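Structure at a glance
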Amino acid sequence: MCGIIGIVGKNPVNQMLYDGLLVLQHRGQDAAGIVTTDGPTFFMHKNNGLVQDVFQTRHMRNLIGNAGIAHVRYPTAGSSSAAEAQPFYVNSPFGIVLGHNGNLTNSDQLKREMFRQDLRHINTSSDSEVLLNVLAHEIEDAAKNSSLDPDTIFKAVAGVHRRCRGAYGVVAMIANYGLLAFRDPYGIRPLIIGKAQTEKGVEYMVASESVALDVLGFQVMRDVAPGEAIFIDLEGNFYSRQCADNPFLSPCIFEYVYLARPDSVIDQVSVYQTRLHMGESLAEKIHKQWAHHDIDVVIPIPDTSRPSALQLANALNLTYREGFIKNRYIGRTFIMPGQALRQKSVRQKLNPIGMEFKGKNVLLVDDSIVRGTTSERIVQMAREAGANKVFFASAAPPVRFPNVYGIDMPSRDELLATGRDDDQIRREIGADALIYQDLDALIHGVKLSNPDIQRFDCSCFDGDYVTGDVTEGYLAAIEAARRDGAKSPRPANSSTQLDLNLVGSTAPDDGQ
Ligand SMILES: O=P(O)(O)OC[C@H]1O[C@H](OP(=O)(O)OP(=O)(O)O)[C@H](O)[C@@H]1O
Ligand SMILES: NC(=O)CC[C@H](N)C(=O)O
Ligand SMILES: [Mg+2]
């Protein structure tokens, strides 16, 4: 789940793109990139690292122009090399740059087609570079007998929908023309549009999450519909069209569980409100199945589980305490690459306050248990801090199936709940009791805010993949390619691979 932004403004957009990326940092900690456009020229800087490490003053100075796109990356395909940081660039037709959130499930096949049929070269193992080349080919095809206008661009997006499978929220800039944004026909990954009135006219912004619009002072217009494309030309004229034959909104439910910031609203559902509901329904389950519990105190595992834990405690009339203090300078553990790093970071990130545990029966609440890295370590820390009994509640159901739509959990044997029942999982994490949310209750909680959503992608919980094309063979292949240990390490000098000239990349690091 990367974070993407596109802006067509009336003033330079470099600072707004940077500020927006900071707000979306929780969606990707591996790499960051910005492309701006001024007249016919693109200016780009991207690299591995957090937003504030990737961009120095000299890069920002060179990112000129009133329109641009930006990306923070959490890799789900290819490698974590700087050459696969986004946006990607292709020079023909017209010059296009693209940022992608999601994951294509047919990128191998498309890559072969690109090479043999469309005579295009893909230089990395990133599915997003494939997606860009499919878009470029479709634009070239659509523009052959006509000029490039919104109709032609929308025709090209319809071609992308016909060829690409999987999840894609996309922002792209066509040099000298404008900003294109679109969402796959299931709307698996989020994308929202907003506008801001300035003295010089209206500015438009597209982003993965509404929180980026809020912070930059844009008013939310609406979510991009599944299959829909938005085009905003460089004068600020706004065009939109449904480009898919059978769009069917099926957003990823894990956005509400963990990925998104609580202050975002996705497909008209408040993420925060959903997390409160998750706490309430979990409390109901405890009340029904464990009426005579002996819980003394409810303790969240910061950050994401906080609203659920708080509401659970309220509903059960129990004391809520912050028993773990989070080091605010350590990022999210789950989206770090490699198990060794994730394990180390849990201990660096969370430290218990002894008095909240000593002699007490504590209920630890987390939003989800995926690999079990956090839960196993945290239960142990609670015991070491003197807890009498340690119970554990997960605000999401057991994660038993790989995600193929933009969350890097490709391998069943890395998922703690695969092939284990609740009691076996309880023993693995060393807890005295374990309570999981039911999937129906989770879905019900999200739908309370928007009953019009008829379907969610819940594949990591139920193995039902909304795109309907995920075969056992595909799962086995990504498992082999992407399990921990199989991923190719980051090359030492990866940024020397082919790419658009990067602004400031050859200047000595002056620390600005
Ligand atoms: O079972 P696991 O594989 O450990 O994954 C689940 C944990 O990872 C996430 O926390 P993370 O530290 O990434 O982010 P947070 O601070 O937003 O909770 C999530 O909130 C769980 O705590
Ligand atoms: N998490 C994502 O959205 C990843 C986007 C793309 N598949 C990549 O690996 O770069
Ligand atoms: Mg967490």
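Predicted, not measured: the structure shown is a model, and the values here were computed from it.

**A closer look at the UniProt feature "active site" (unreviewed entry) in the protein**
Here the UniProt feature "active site" (unreviewed entry) sits at Cys-2. Mapping Cys-2 onto the fold places it in the segment before strand E1 (3–8). Overall, Cys-2 belongs to the buried group, its relative accessible area being 5%. The residues contacting Cys-2, other than those within four sequence positions of it, are Arg-27, His-71, Val-72, Arg-73, Tyr-74, His-100, Asn-101 and Ser-208.

**Section: the UniProt feature "binding site: Mg(2+)" (unreviewed entry) in the protein**
Mapped onto this structure's residue numbering, the UniProt feature "binding site: Mg(2+)" (unreviewed entry) falls at Thr-304, Asp-366 and Asp-367. Judged by maximum C-alpha separation, these annotated positions cover 64 residues in sequence but sit close together in space, the widest gap being only 7.5 Å. Here the residues from the annotation list that line the largest pocket are Thr-304, Asp-366 and Asp-367. Among the secondary structure elements, Thr-304 is positioned in the loop between strand E16 (297–300) and helix H10 (306–316). The residues contacting Thr-304, other than those within four sequence positions of it, are Val-257, Tyr-258, Arg-275, Arg-332 and Asp-367. By the element assignment, Asp-366 lies in strand E20 (residues 361–366).

**What to know about the domain arrangement of the protein**
Accessible area lost on assembly of the parts is the figure often given for the size of an interface. Domain boundaries in the protein define domain 1 (2–248) and domain 2 (270–327 + 344–456). Taking only C-alpha atoms into account, the centre of domain 1 sits 35 Å from that of domain 2. The largest per-residue losses of area from domain 1 upon contact with domain 2 belong to Tyr-74, Arg-189 and Phe-248, which jointly make up 46% of the total buried on that side. Counting across the domain 1 and domain 2 interface gives zero salt bridges. On inspection of domain 1 and its partner domain 2, the count reaches three residue pairs in polar contact (both at pLDDT 80 or more). Mapped by element, the contributors of at least two residues to the side of domain 1 that touches domain 2 are strand E6 (96–104) and strand E7 (166–174). Class assignment for the residues of the side of domain 1 that touches domain 2 results in five nonpolar, five polar and one charged.

**Some points on the site of ligand 1**
For ligand 1, the set of nearby residues contains 17 residues, the closest of which are Thr-304, Lys-349, Asp-366, Asp-367 and Thr-374. Take Asp-303: an N or O atom from its main chain is 3.2 Å from an oxygen atom of ligand 1. In this structure, an oxygen atom belonging to ligand 1 sits 2.6 Å away from a side-chain N or O atom of Thr-374. Taken together, the residues of the shell around ligand 1 sort by class into five nonpolar, six polar and six charged.

How each quantity is defined
- Residues numbered from 1 in each chain as written.
- Chains lettered and ligands numbered in written order.
- Predicted model: local features only at pLDDT ≥ 70, side-chain atom pairs only at ≥ 80, totals over all residues.
- Heavy atoms only, no water.
- UniProt positions renumbered as here; feature names shortened; annotations may be inferred.
- Helix = DSSP H or I, 4+ residues; strand = E, 2+ residues; numbered from the N terminus.
- Buried < 20%, exposed > 50% of the residue type's maximum accessible area, 1.4 Å probe, protein only.
- Contact = heavy atoms within 4.5 Å.
- 1 Å grid on protein atoms, 1.4 Å probe; cavity = no way out; pocket = protein on both sides within 12 Å on 5 of 7 lines; lining within 4 Å.
- Domains from an automatic or database assignment.
- Buried area = accessible area lost by both parts, 1.4 Å probe.
- Salt bridge = Lys/Arg side-chain N within 4 Å of Asp/Glu carboxyl O.
- Polar contact = N/O pair within 3.5 Å; in protein donor to acceptor, adjacent residues only side chain to side chain.
- Nonpolar A, V, L, I, M, F, W, Y, C, P; charged D, E, K, R; others polar.
- Near = heavy atom within 4 Å.

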